[in-house]
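# Understanding the architecture of this molecule
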Amino acid sequence: MKNDGASAKVVLSAPDIGRTLARLAHEITEKNPDCSNLVLVGIITRGVPLAARLSEKIKEINGIEIPVGALDVTFYRDDLARKGPNLNASPTNITFDITGKTVILVDDVLFTGRSIRAAIDAIMDLGRPGKIQLAALLDRGHRELPIRADYIGKNIPTSRDERVMVKLREVDGEDAVFVTGAENG
Amino acid sequence: MSCEKILIKGGRVIDPAQGIDGLMDVMIENGKITKVAKGLDSDGAKIINAKGLVVSPGFIDLHVHLREPGYEYKETIQTGAMAGAAGGFTAVCCMANTQPVNDNGSITRHILERASLAKGARVYPIGAATKGLAGKELAEIGEMKQAGVVALSDDGRCIMDARLFQNAIRYAYMFDLTVVEHCEDEMLAKDGVINEGEVSARLGIKGIPAPAETVIARRDADIAGYTGCKVHLAHISAKETVDAVRTAKANGIKVTCEAAPHHFTLTEKMLEGFDANFKMNPPLRAKEDVDAVRAGLADGTIDCIATDHAPHLQWEKELEIDRAPNGVVGLETALGVSMKLVEDGVLGLPALIALFTSRPAAAFGLPGGSLRVGSPADLTAFDPEKKWTVNPSAFFSKGRNTPFAGMELKGKTLLTIVGGEIVYNPETL
Amino acid sequence: MVDSPLVNFKGRHLLGIDDLSADEIIGLVNTANRFVEVSEREIKKLPTLRGKTVVNLFFEPSTRTRTSFEIAGKRLSADVINISAQSSSVVKGETFKDTVLNLASMRPDALVIRHPSPGTPLYASKFAGCPVINGGDGAHAHPTQALLDMMTIMERRKSLKNLNVAIIGDVLHSRVARSNISAFKRFDANITVCGPKTLMPAHMDNFGVRVTHDIYEAVEGADVIMMLRIQTERMAQGLFPSLREYSSRFCLDSKVMKKAKPDAIVTHPGPINRGIEISSEVADGKYSVILDQVTHGVAMRMAVLYLLCGGAD
């Protein structure tokens with residue numbers, strides 16, 4: 001990410017991200033009036049802090065504390081042969097039982113849908129959720145599987161070779177979303 | 001191609017037996033050497049231009065395995081004799097561990113008959129010292145002597161029974177035959193695969209300790225000293241063994257010995273890749289052993305270079321390291337590998353040639369080993385500067401199991417004449 | 001992920017610990033830790049190696065290592081085939097090379113080889129056409145055992161750096177000892193080996209280990225005590241006189257354990273000879289991590305298979 005500066009365009013600022021998450025929290029509570037059955041599962045890496053923040057926002061709305069887990073999808077991905085093994089995978093950390101629960105998967109960017117497919121498979125191996133819903137901070141299009149999000153922070157039209165970069169203070173020290181142009185060598 | 005008269009012109013003639021080292025011509029007539037002098041007249045002879053070459057008596061290898069009879073798939077007398085010729089050898093002594101074992105006159109005669117049909121080096125059979133190499137009873141030594149054996153050996157096996165060994169050298173004494181001992185205490189070496197040392201410790205391969213060789217060498221020297229009979233120690237490889245022979249010789253004991261090119265060139269480190277082409281018995285040893293063998297060659301403790309040429313099929317050598325058979329081929333690489341001794345300043349070229357000619361001849365009392373006028377025209381000419389790379393698939397031997405594959409060597413045989421007949425002359429000098 | 005030293009394992013084999021750097025060992029331990037959780041689930045399966053074939057080619061009997069590789073492969077959804085081959089190629093009439101070539105023609109994605117002859121996995125790797133994993137070759141190497149031992153130690157000790165390690169028993173015949181010495185040396189351990197002199201390799205000068213024949217001395221201040229299995233056939237070879245005498249000198253019991261650090265751990269590759277090389281009190285006591293080793297064995301072999309079979313094309 002050396003050439004950030006030149007062609008990077010900010011599509012969400014830190015306050016934008018805060019407002020967006022607040023809206024998503026409201027949408028979640030509207031769609032799930034009985035929040036006591038909800039669990040939030042962030043997809044490693046950046047889905048995890050987003051899930052935690054959503055949990056906080058929901059608590060601000062209705063006082064209910066929604067449990068948050070972290071889901072690693074590395075071993076469920078379908079691109080092992082292309083990308084090779086990942087030896088820095090963080091472990092899945094879900095300390096609660098998901099059977100019968102409404103699981104809201106949280107990810108930063110919804111793109112091809114392949115990570116979500118992997119996440120659904122991974123979740124199903126951990127138990128039998130009542131429902132699975134999907135929340136994404138951004139939807140950049142280009143789906144390769146019949147997957148759509150239940151909650152979308154922002155739709156950003158991109159070309160396939162553009163890069164969407166999400167930075168979160170828990171991971172990157174700042175909150176921002178950039179789109180950078182196709183790298184031209 | 002037999003030629004009645006051959007004149008080898010302009011080579012550097014080295015004949016340690018006569019103390020000759022100079023640019024001279026050698027005349028061969030009717031299979032014998034007739035003149036060795038400067039500026040000889042061709043007098044109608046076929047002229048071979050040996051300019052730039054070393055002309056020496058034909059090499060004698062006291063220790064080869066020709067596998068015939070019984071293991072013709074590994075080597076035959078014909079392929080072995082030709083491999084010898086290609087290495088500059090005009091005589092090779094073949095060990096008795098064939099199938100059946102050469103422990104009686106009829107096998108000896110069979111080998112000699114096959115040898116008489118073969119082109120290449122002369123083949124001198126060595127008879128078994130004990131029946132079936134079993135180390136229990138003496139073989140029919142007298143009968144074999146009559147049939148033509150030049151020495152006795154259970155090579156591949158040690159004569160573990162000291163009393164039987166004593167009887168063997170005493171009995172052989174009557175026939176003026178030398179007993180060749182494969183020095184290996186079989187209990188000490190039991191199940192061993194490679195040298196017991198730093199490499200075997202690290203790789204977890206069972207080791208053969210150096211004393212397995214030395215204790216038998218010392219035992220044999222003691223018995224030889226006590227009986228006044230002679231013993232020849234095959235392929236000595238360990239520092240302590242070289243020291244033991246040096247001491248024995250200093251004490252006037254009739255002991256001679258040989259060293260194989262791999263033992264003064266390669267160390268146990270070669271086994272790090274688990275390649276059975278580096279597996280032989282005795283095994284490649286530590287650097288200090290290699291240095292000691294070189295020192296033994298330099299100071300005369302070691303009498304000769306013998307190859308222990310031991311051909312095997314490729315698939316046999318591709319077995320697991322502890323199951324693959326022992327042994328490497330050596331006839332066609334011996335000169336090039338041994339020339340490193342000269343290059344490294346261990347000894348001079350005439351001394352090296354003595355290790356291949358006059359000294360092995362003396363150890364067994366064989367004919368040849370010299371260019372004396374009147375002796376059979378067994379000689380070799382080699383280019384001491386010619387560089388070549390060892391390519392096993394080009395060997396005359398059926399065995400490709402060399403530890404020197406791919407190695408660049410300096411010094412190559414270009415002419416071998418046996419009894420006046422040119423048996424090897426690849427570039428038509 | 002790009003900066004992980006292990007990512008490019010394409011075309012590599014696991015033949016010995018010498019093939020791995022310290023970073024790679026840590027990477028493998030981290031990955032294996034990631035797999036521990038899978039074995040605790042109700043559905044103990046990941047789809048990661050779906051469609052891959054792992055062949056366990058075992059030339060000597062081994063229940064635990066074979067089972068461990070088999071479970072590891074299956075938990076990653078690989079198809080695992082076990083082949084018990086005759087150890088003597090001469091008896092079987094087919095050479096080791098031909099056996100391997102035959103299997104290689106069936107295009108497996110990994111070949112695990114256990115063989116009584118040292119160097120066989122290395123040799124097989126030259127023509128197998130797929131990653132070869134050494135499942136133990138003679139007294140030479142047993143890299144996955146050493147890796148699972150490192151994993152077990154790291155779980156208790158957090159770091160592998162500068163540990164005092166005592167390796168006790170039949171070092172001469174032990175591939176476990178050799179691979180572990182190799183692994184510990186990557187992390188600057190102070191290694192002491194201890195056992196009867198007849199069961200020590202004759203030339204250990206270049207091992208970089210201290211040798212003692214006194215178990216109390218070996219265990220003094222140890223962080224890790226690695227026990228090796230003693231085999232009774234060594235008696236027949238004249239290497240030690242009796243189990244009674246062996247255990248009187250080299251058995252790890254509570255009295256010896258007092259010399260170790262209070263939080264020392266005791267490992268054993270199994271199967272254990274209770275009362276001979278280790279007392280039941282120690283084997284079952286608080287220092288023992290012997291069963292953790294078995295659990296970690298599966299996770300570590302999952303990591304190894306993931307790594308070697310999951311290489312990018």
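The structure displayed is predicted, hence computed values, not measured ones. (Residues numbered from 1 in each chain as written. Chains lettered and ligands numbered in written order. Predicted model: local features only at pLDDT ≥ 70, side-chain atom pairs only at ≥ 80, totals over all residues. Heavy atoms only, no water.)

## Overview of the overall build of chain A
On a plain count of helices and strands, chain A comes out with six helices and eight strands. Taken from the N to the C terminus, the helices and strands of chain A come in the order α-β-α-β-α-β-α-β-α-β-β-β-α-β. The globule rule puts the C-alpha radius of gyration for 185 residues at 16 Å, and the 16 Å found for chain A is close to it. Across its three principal axes, chain A shows a C-alpha extent of roughly 50 × 40 × 30 Å. Each of the 185 residues in chain A was classed as buried or not, and the buried ones make up 48%. Sequence-distant contacts in chain A: of pairs separated by 6 or more residues, those separated by 24 or more amount to 70%. Total accessible area on chain A is roughly 8800 Å²; 48% of this is exposed by carbon and sulfur atoms. In chain A, 25 side chains carry a positive charge and 26 a negative one; their mean positions are 3 Å apart. (Helix = DSSP H or I, 4+ residues; strand = E, 2+ residues; numbered from the N terminus. Rg over C-alpha atoms; globule rule 2.2 N^0.38 Å. Buried < 20%, exposed > 50% of the residue type's maximum accessible area, 1.4 Å probe, protein only. Contact = heavy atoms within 4.5 Å. Areas by Shrake-Rupley, 256 points an atom, 1.4 Å probe, with all protein chains shown as cover. Lys, Arg positive; Asp, Glu negative; His and termini not counted. Charge placed at Lys NZ, Arg CZ, Asp CG, Glu CD.)

## Some details on the overall build of chain B
Broken down by element type, chain B carries 12 helices and 18 strands. Across its three principal axes, chain B shows a C-alpha extent of roughly 65 × 45 × 45 Å. In chain B, 75% of the contacts between residues at least 6 apart in sequence involve partners at least 24 apart. Averaging the locations of the 46 positively and 55 negatively charged side chains of chain B gives two centres separated by 3 Å.

## Focus on the interface of chain A and chain C
Opposite the 20 residues of chain A that make contact, chain C presents 23 residues. Each partner contributes to the roughly 1900 Å² buried at the junction of chain A and chain C, and carbon and sulfur atoms together form 61% of this total. When the area that chain A buries against chain C is broken down by residue, the three leading residues are A:Phe75, A:Pro85 and A:Leu87, summing to 41%. Across the chain A-chain C interface, the total number found is one salt bridge. Measuring nitrogen to oxygen at the nearest pair gives 2.7 Å for the salt bridge that ties C:Arg34 to A:Asp72. Our count for the chain A to chain C interface comes out at four residue pairs in polar contact (both at pLDDT 80 or more). Put simply, the parts of the chain that give the side of chain A that touches chain C at least two residues each are helix 4 (80-83) and helix 5 (114-126) of chain A. The element that contributes the greatest number of residues to the side of chain A that touches chain C is helix 4 of chain A, accounting for four residues. Residues belonging to the side of chain A that touches chain C are distributed by class as follows: 10 nonpolar, six polar and four charged. (Buried area = accessible area lost by both parts, 1.4 Å probe. Salt bridge = Lys/Arg side-chain N within 4 Å of Asp/Glu carboxyl O. Polar contact = N/O pair within 3.5 Å; in protein donor to acceptor, adjacent residues only side chain to side chain. Nonpolar A, V, L, I, M, F, W, Y, C, P; charged D, E, K, R; others polar.)

## Thoughts on the packing of aromatic side chains
Summed over the entire model, instances satisfying the criterion amount to 15 aromatic pairs over all chains. Consider the rings of A:Phe75 and C:Phe35, whose centres lie 4.3 Å apart with planes at 35°: the pair is tilted. Of this pair, A:Phe75 sits in the loop between strand 3 (68-71) and helix 4 while C:Phe35 is found in helix 1 (residues 22-39), placing the two residues in two different chains. Side by side, A:Phe75 and C:Phe35 carry an identical accessibility label, which is buried. (Phe/Tyr/Trp six-rings, centres within 6.5 Å; stacked < 30°, edge-to-face > 60°.)

## A look at the domain arrangement of chain B
Residues and elements named next belong to chain B. For chain B, the domain assignment lists domain 1 (6-55 + 376-424) and domain 2 (58-364). The gap between the C-alpha centroids of domain 1 and domain 2 is 25 Å. The interface is formed by 39 residues belonging to domain 1 together with 48 residues belonging to domain 2. Carbon and sulfur atoms make up 67% of the surface buried where domain 1 meets domain 2, a total of about 3300 Å² over both sides. Our enumeration of links across domain 1 and domain 2 arrives at one salt bridge. A salt bridge links arginine 122 to aspartate 378; the nearest nitrogen and oxygen atoms lie 2.6 Å apart. Linking domain 1 to domain 2 there are 14 residue pairs in polar contact (both at pLDDT 80 or more). If you list the elements that add at least two residues to the side of domain 1 that touches domain 2, you get strand 1 (5-15), strand 16 (379-389), strand 17 (408-418) and strand 18 (421-424). (Domains from an automatic or database assignment.)

## With respect to the arrangement of the chains
In this assembly, two pairs of chains are in contact, and the pair contributing the most contacts is chains A and C. Note that chain A does not reach chain B: the shortest distance linking a C-alpha of one to a C-alpha of the other is 29 Å.

## Some points on the sheet that holds strand 1 (residues 53-58) of chain C
Residue and element names in this part refer to chain C. Strand order in this open sheet of four strands is 2-1-3-4, and the pairing throughout is parallel. The open sheet is flanked by strand 2 (79-84) and strand 4 (132-137), the only strands paired with a single partner. Ignoring which end each strand starts from, the neighbouring axes of this sheet average 15° apart. When strand 1 meets strand 2, the two strands line up parallel, connected through six bridges. If you follow phenylalanine 58 over to strand 2, its bridge partner there is serine 84. (Pairing = 2+ DSSP bridges. Axes fitted to C-alpha atoms, helices over the stretch in contact; angles between N-to-C directions.)

## A look at the state of the cysteines
Residues and elements named next belong to chain C. Within the structure shown, the criterion is met by zero disulfides over all chains. Between cysteine 309, a free cysteine, and cysteine 130, which holds the nearest cysteine sulfur, the sulfur-to-sulfur gap is 8.1 Å. Residue cysteine 309 is classed as buried on the basis of its relative accessible area of 6%. (Disulfide = S-S within 2.5 Å.)

## A look at the sheet that holds strand 7 (residues 163-167) of chain A
All names here are of chain A. Taken in spatial order, the three strands make up an open sheet running 1-8-7, and their pairing is antiparallel. Each edge of the sheet is formed by a strand with only one pairing partner; in this case those strands are strand 1 (9-12) and strand 7. Averaged over all pairs of adjacent strands, the angle between their axes in this sheet comes to 30°, without regard to strand direction. Bridge count between strand 1 and strand 8 (residues 176-180): three bridges; the pairing is antiparallel. Considered in strand 8, the bridge of leucine 12 is made with valine 177.

## A look at the side chain of C:Thr65
As for its placement among the helices and strands, C:Thr65 is situated in helix 2 (residues 64-75). Those residues within four positions of C:Thr65 in sequence are excluded, and the remaining contacts are C:Phe58, C:Arg114, C:Gly135, C:His142 and C:Arg301.

## Some remarks on the packing of helix 2 of chain C against helix 13 (residues 290-309) of chain C
Residues and elements named next belong to chain C. It is at 8 Å that the axes of helix 2 and helix 13 come closest, and there the two elements cross at 55°. One way to sum up the angle between helix 2 and helix 13 is to call them oblique. Both helix 2 and helix 13 take part in a crossing whose hand is right-handed. Along the contact surface, helix 2 presents Arg64, Thr65, Ser68, Phe69, Ile71, Ala72, Gly73 and Arg75, while helix 13 presents Val294, Gly297, Val298, Arg301, Met302 and Leu305. Taken together, the residues that form the contact of helix 2 with helix 13 break down as seven nonpolar, four polar and three charged. (Parallel < 35°, antiparallel > 145°, perpendicular 65-115°, else oblique. Left-handed = near helix turned anticlockwise from the far one by under 90°.)

## Describing the interface of chain B and chain C
Counting from both sides, the interface comprises 18 residues of chain B and, opposite them, 23 residues of chain C. Both sides of the chain B and chain C interface together cover about 1700 Å² of buried area, and 58% of this is carbon and sulfur. Three residues, B:Glu318, B:Glu320 and B:Arg323, lead the burial of chain B against chain C; their summed loss comes to 31% of the area buried on that side. Our count for the chain B to chain C interface comes out at one salt bridge. For the salt bridge of C:Lys97 with B:Glu318, the shortest nitrogen-to-oxygen distance reads 3.3 Å. Run the count over chain B and chain C and you get six residue pairs in polar contact (both at pLDDT 80 or more). Here the side of chain B that touches chain C takes five residues from helix 5 (residues 198-203) of chain B, the largest share from any one element. In the side of chain B that touches chain C, the residues fall into seven nonpolar, four polar and seven charged.

## Quick word on the pattern of salt bridges
Residue and element names in this part refer to chain A. Summed over all chains, the structure comprises 59 salt bridges over all chains. Its salt-bridge partner being glutamate 27, residue arginine 23 comes within 2.8 Å of it at the nearest N-O pair. Pair noted here: arginine 23 and glutamate 27 are both in helix 2 (residues 14-31), with a separation of four residues, about one helical turn. Residue glutamate 27 is classed as partly exposed on the basis of its relative accessible area of 25%. Salt bridges here are not isolated pairs; linked through shared partners, they connect Arg53, Arg169, Glu170 and Asp175.

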